[in-house]
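Structure assessment
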Amino acid sequence: MSTATALTWFARHELRLAWREWLAMITGGRRGRKRAAAIGLVAFAALMHLPAYAVIGRFATLQAPLDKTSLIVLTSTILLAWALMLSQAIESVTRVFYARADLDLIMSSPAKLANIFSVRIAAIALVVTGMALLFSTPFVDVLVLNGGARWLAGFGVVIAIGLSAAALAIAITILLFRLIGAARTRLIAQIVAAIIGAGFVIALQIAAILSYGTLSRFAVLTSEAAAGFAPDAASLLWWPARAALGDLEALLWLLSASLVLLGAVMAVFSPRFADTAIGASAQAITSRRSNRTLAFRGGSRQQALRRKEFLLLKRDPWLISQTLMQLLYLVPPAVMLWRSFSDTSVAIVLITPVVVMAAGQLAGGLAWLTICGEDAADLVATAPLSKAAVLRAKIEVVLIVMGAIFAPLVAALAFASPLQAAVTGCGVAIGAASATAIQLWFRVQARRSQFRRRQTSSRLATIAEAFSSIGWAATSALALSIPAGAAVSGLMTAAIMAVTWKLSPRRG
Amino acid sequence: MKSEQTALEVQGLTKRFDRLAVDGLDLSVRAGEFYALVGPNGAGKTTTLRMVAGLLRPDAGSVAIFGVDALSNPIGAKQIMAWVSDEPMIYDKLTPLEYLEFVAGLWGVDPMLSTPAARDLLVSLGLEPHLNERCEGFSKGMRQKVALAGALVHDPRLIILDEPLTGLDAVSARHVKGLLSERVRAGCTVIMTTHILEVAERMADRIGVIARGRLVAEGTLDELRAQNGHGSTSLEDLFIALVDVTAEAA
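Reading the values: the criteria
- Residues numbered from 1 in each chain as written.
- Chains lettered and ligands numbered in written order.
- Predicted model: local features only at pLDDT ≥ 70, side-chain atom pairs only at ≥ 80, totals over all residues.
- Helix = DSSP H or I, 4+ residues; strand = E, 2+ residues; numbered from the N terminus.
- Contact = placed C-beta atoms within 7 Å.
- Buried ≥ 20, exposed ≤ 12 C-beta atoms within 10 Å, placed from the backbone.
- Pairing = 2+ DSSP bridges.
- Axes fitted to C-alpha atoms, helices over the stretch in contact; angles between N-to-C directions.
- Domains from an automatic or database assignment.
- Nonpolar A, V, L, I, M, F, W, Y, C, P; charged D, E, K, R; others polar.
- Expected span 1.5 Å × (residues − 1).
- Arc of directions from axis to C-beta.
- Parallel < 35°, antiparallel > 145°, perpendicular 65-115°, else oblique.
- Left-handed = near helix turned anticlockwise from the far one by under 90°.

Quick look at the overall build of chain B now. A tally of helices and strands in chain B yields 9 helices and 10 strands. By principal-axis analysis of the C-alpha atoms, chain B measures approximately 55 × 40 × 40 Å. Partitioning the contacts of chain B with sequence separation of at least 6, the portion at a separation of at least 24 is 71%.

Okay, here's the thing in structure tokens:
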């Protein structure tokens, strides 16, 4: 087999693996669900056109040349998409290093490793770009339908930013391996991904709060100060925006630059990919030590369970990165709260839905980890403890952790507005309880490492969790502004919960 | 140290999945006995033991552990029993000592007793250098030893093990076998499934042969030879003869 044939064959193998992984994620790993998944995807894509229209529809009539404010808004939107893609790509690359079971086989084969890993890097870039294309299609569709075919260039921009995000993600991850070692890279990479994904929006929001007393990032982007700082219209910085508007020259440059970046990453990092992979697999056989060798602690059986859950949560890299992400999203409301002590702005009301929404999302993840993610299910099932006692102890852990995270924020809010603090506290409690209940009703025993697949095990649970978080967040916000609206919103969310329970496999 | 007391009494145990996995099985194991359950793949060994351990609910039949009805009083039965599966299920992010502390807590063992017991167990299984290392980097053998130590830390009267020696190296297997023999000498009852017939032949007081969800033969090695008219044949030859006969009869 010639080198080129071998590489084509390996590329096909990589794409097949990626396709099957994606299919398993979409179908929840169950056969016979392909048609339902395809229908669901098409319906989801069709539905996504509505929010896409709401977000981006007004930009469809934009024509070149753009004024500075429009250039800033469009460029920032592209930068935000790129940051999210980079965040996702770092997560994917880290997963490839730690999770691929075929590294031994590949590295023991007589194939040239640099070539093989070049293909793997290219496959990662293709997968990241493919996902980006999938998610961006409703947005580009809306622009094309309302603004003409010139917006098709938007797909080219998505490809360019997808390839460059993947290239940079590979470089960042391998550099992290080199700098801090395999043992810490997984956690740090997740934190870096969270910060990159959320950081851009949060920084804009904080700037908006400090300057204009609002959470809207557009307040900064459309300000005269931003226009004053921005470079001339001829600057390279605006090329992605120009490319999106249909400037073919800018688009070709953008695509070329992304491909060159990816090529450079392949050339520089393919030979090191193997070393990094060896480092990651070697990490699995070197354990981290704990210093505690004191006497065992006493207490009830439930206390033993709770202690174990707290210890595992403390050592869970996913939870740390997700908590950090939620805390990052809480930074703007916290800044707003701090600002409102000196300025009694009505915008402080916006804190409540953000906090309630974050609580619902975090509680869902926590509940899955403690209730479903049991690595020693047989041990717990054979312990002299009733199932109800086990579940109760696990739910207590979720609620205690949620209390520890959100109580300080609600307490701080009480100084600014006791009523709002009370409403926020209730919203957090109900949102967290609802997310936990959904996980309880749809619980399926799994290993903690399968956390990524939790959202595919039951589509209904995932959707119900999202709607419940949004519903309770809206209800809390309305309770502070339009109480009658809160009653309607609360009843609707309660109805969603009732229907979810009715459809759940655990009712009764 | 066998007594006349019955450690496990199973009657008419039945379980059906898409086919009949366990078919009205009767089994009686005396206290202090080392009992090996052998049989071909899919014979119903694991299903039987999972029902005894309370991990599966039988469709019919009864299970009593030292006279405690495991179906009506599962917590009472679990208090005096331990289960070790072939795939050690331990927590990657806990150290062996932390794992044993958790297990001791679940069984409500006094920390004054469980702290030295846990250390002794881990040391006797050759895990002393790894007491404070997280289990995430452990080999299959080390994980199996941690799981076994967990099963023993609450000093159960009945230990049920499903293929505990699978994947263990010779040294680890010897550690495990030594520890089990020691427990039996101290009066504990051990029931173990195994595909390694040599282990059953050497270690077990009695051997039960299970095929198609039914107990087709039971007794000491000599009794099995006598029942089947084979003078001094090995357990392997006996096993093949018994399983072949069952397959033909079916």
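Still to come is the rest of the account.
With that out of the way, let us pick up the overall build of chain A. For chain A, the count of helices and strands is 20 helices and 0 strands. Scored against the burial criterion, the 508 residues of chain A give a buried share of 40%. In chain A, the proportion of contacts linking residues at least 24 apart, taken out of those at least 6 apart, comes to 82%.

Another aspect to go through is the sheet that holds strand β5 (residues 68-69) of chain B. In a beta sheet, neighbouring strands pair by backbone hydrogen bonds and run either parallel or antiparallel. Residue and element names in this part refer to chain B. Overall, antiparallel pairing links the 4 strands, which are arranged β2-β1-β4-β5 in an open sheet. Bordering the open sheet on either side are β2 (20-30) and β5, each of which pairs with just one other strand. For strand β4 (residues 60-65) and β5, the ladder comprises 2 bridges, and the chain directions are antiparallel. Its bridge partner lying in β5, Ile65 is registered against Val68.

Moving on, we come to unusual backbone geometry. Residues and elements named next belong to chain B. Located in the positive-phi region is Phe66, a residue other than glycine, with phi close to 45 degrees. Take Phe66: it is sitting in the loop between β4 and β5. According to the C-beta neighbour criterion, Phe66 is partly exposed, with 17 such atoms within 10 Å. Look at Glu163: it is not a glycine, yet its phi comes out positive at around 50 degrees. Position of Glu163 among the secondary structure elements: in the loop between β7 (158-162) and α6 (170-185).

A word on the sheet that holds strand β8 (residues 189-193) of chain B. Residue and element names in this part refer to chain B. One open sheet holds the 6 strands; their spatial order is β6-β7-β8-β3-β9-β10, and the pairing between them is mixed. Two strands close off the open sheet at either side, each with one partner strand: β6 (81-84) and β10 (214-219). Averaged over all pairs of adjacent strands, the angle between their axes in this sheet comes to 15 degrees, without regard to strand direction. Pairing of strand β3 (residues 34-38) with β8, which is carried by 4 bridges, proceeds in the parallel orientation. The residue bridging Phe34 from the neighbouring strand is Val190, located in β8. In this fold helix α8 (residues 221-228) packs onto β9 (206-211) and β10, with an angle of close to 115 degrees to the strand it touches most, β10.

Our next topic: the pairing of strand β1 (residues 6-16) of chain B. All names here are of chain B. With 7 bridges connecting them, β1 and β2 associate as antiparallel partners. What sits directly across from Lys15, in β2, is Val22. Where β1 folds back onto β2 in an antiparallel hairpin, the turn is made up of 3 residues. The pairing of β1 with β4 spans 5 bridges and is antiparallel. Paired with Glu9 across the two strands is Ala64, which belongs to β4.

Right, let's talk about the interface of chain A and chain B for a bit. Contacts between the two partners involve 33 residues from chain A, matched on the other side by 35 residues from chain B. In terms of residue count, helix α12 (residues 301-314) of chain A provides more of the side of chain A that touches chain B than any other element does, 7 residues in total.

Residue and element names in this part refer to chain B. If you check the domain split of chain B, you get domain 1 (1-80 + 156-167 + 178-250) and domain 2 (90-155). Taking only C-alpha atoms into account, the centre of domain 1 sits 26 Å from that of domain 2. Between domain 1 and domain 2, the residue contacts involve 7 residues of the former and 11 residues of the latter. In terms of residue class, the side of domain 1 that touches domain 2 is built from 4 nonpolar, 2 polar and 1 charged.

With that settled, the discussion passes to the environment of Ala264 of chain A. All names here are of chain A. Position of Ala264 relative to the elements: it lies in helix α11 (residues 248-283). The class for Ala264 is exposed, based on 12 C-beta atoms found within 10 Å. Along the chain, Ala264 and Ala167 lie 97 residues apart, while their C-alpha atoms are 8.6 Å from each other.

Take Leu133 of chain A: it is sitting in helix α5 (residues 113-147). Residues in contact with Leu133 of chain A, not counting those within four places in the same chain, are Phe155, Val158 and Ile159 of chain A.

Glancing now at helix α14 (residues 351-372) of chain A. Each α-helix turn comprises 3.6 residues. Residues three or four places apart therefore point the same way. With 22 residues, α14 of chain A should cover 32 Å at 1.5 Å per step; its first-to-last C-alpha distance of 31 Å lies within 8% of that length. Counting buried residues along α14 of chain A, 22 of its 22 residues qualify, which places the element largely inside the surrounding structure.

On to helix α20 (residues 483-503) of chain A, then. Residues and elements named next belong to chain A. For α20, spanning 21 residues, the distance from its first C-alpha to its last is 30 Å, which sits close to the expected 30 Å at 1.5 Å a residue. Among all positions in α20, only Ser489, Thr493, Met497 and Thr500 are buried. Buried residues along α20 cover an arc of 80 degrees about the axis, so they all sit on one side. Of the residues in α20, the exposed ones pointing more than 90 degrees away from the buried face are Ala484, Leu491, Ala495, Ala498 and Lys502.

Next up on the list: the pairing of β8 of chain B. Residues and elements named next belong to chain B. Most of β8 sits out of view: 5 of its 5 residues are buried. Because side chains alternate across β8, one face comprises the buried residues Thr189, Ile191 and Thr193, and the other comprises Val190 and Met192, equally buried. Bridge count between β7 and β8: 5 bridges; the pairing is parallel. Bridge pairing in β8 links Ile160 to Ile191.

Turning our eyes to something else, we now look at the packing of helix α3 (residues 96-106) of chain B against helix α4 (residues 111-124) of chain B. Residues and elements named next belong to chain B. Between α3 and α4, whose axes approach to 10 Å, the crossing angle comes to 135 degrees. When the axis of α3 is compared with that of α4, the two are oblique. You can see that α3 and α4 cross each other, and the crossing is right-handed. Counted together, Pro96, Leu97, Leu100, Glu101 and Ala104 of α3 and Ser114, Ala118 and Leu122 of α4 form the full contact between these two elements.

Before going further, it helps to examine the environment of Leu187 of chain A. The topology assignment puts Leu187 of chain A in helix α7 (residues 182-212). You can call Leu187 of chain A partly exposed: it has 17 C-beta atoms within 10 Å.

Residue and element names in this part refer to chain A. Following both chains from N to C, one finds α5 and helix α6 (residues 153-180) inclined at 145 degrees, their axes separated by 8 Å at the closest point. With respect to the hand of their crossing, α5 and α6 are arranged in right-handed fashion. Two secondary-structure elements touch here, α5 through Ile121, Ile124, Ala125, Val128, Thr129, Ala132, Leu133, Ser136, Val140 and Leu143 and α6 through Gly154, Phe155, Val158, Ile159, Gly162, Leu163, Ala165, Ala166, Ala167 and Ile170. Its residues assigned to classes, the contact of α5 with α6 comprises 16 nonpolar, 4 polar and no charged.

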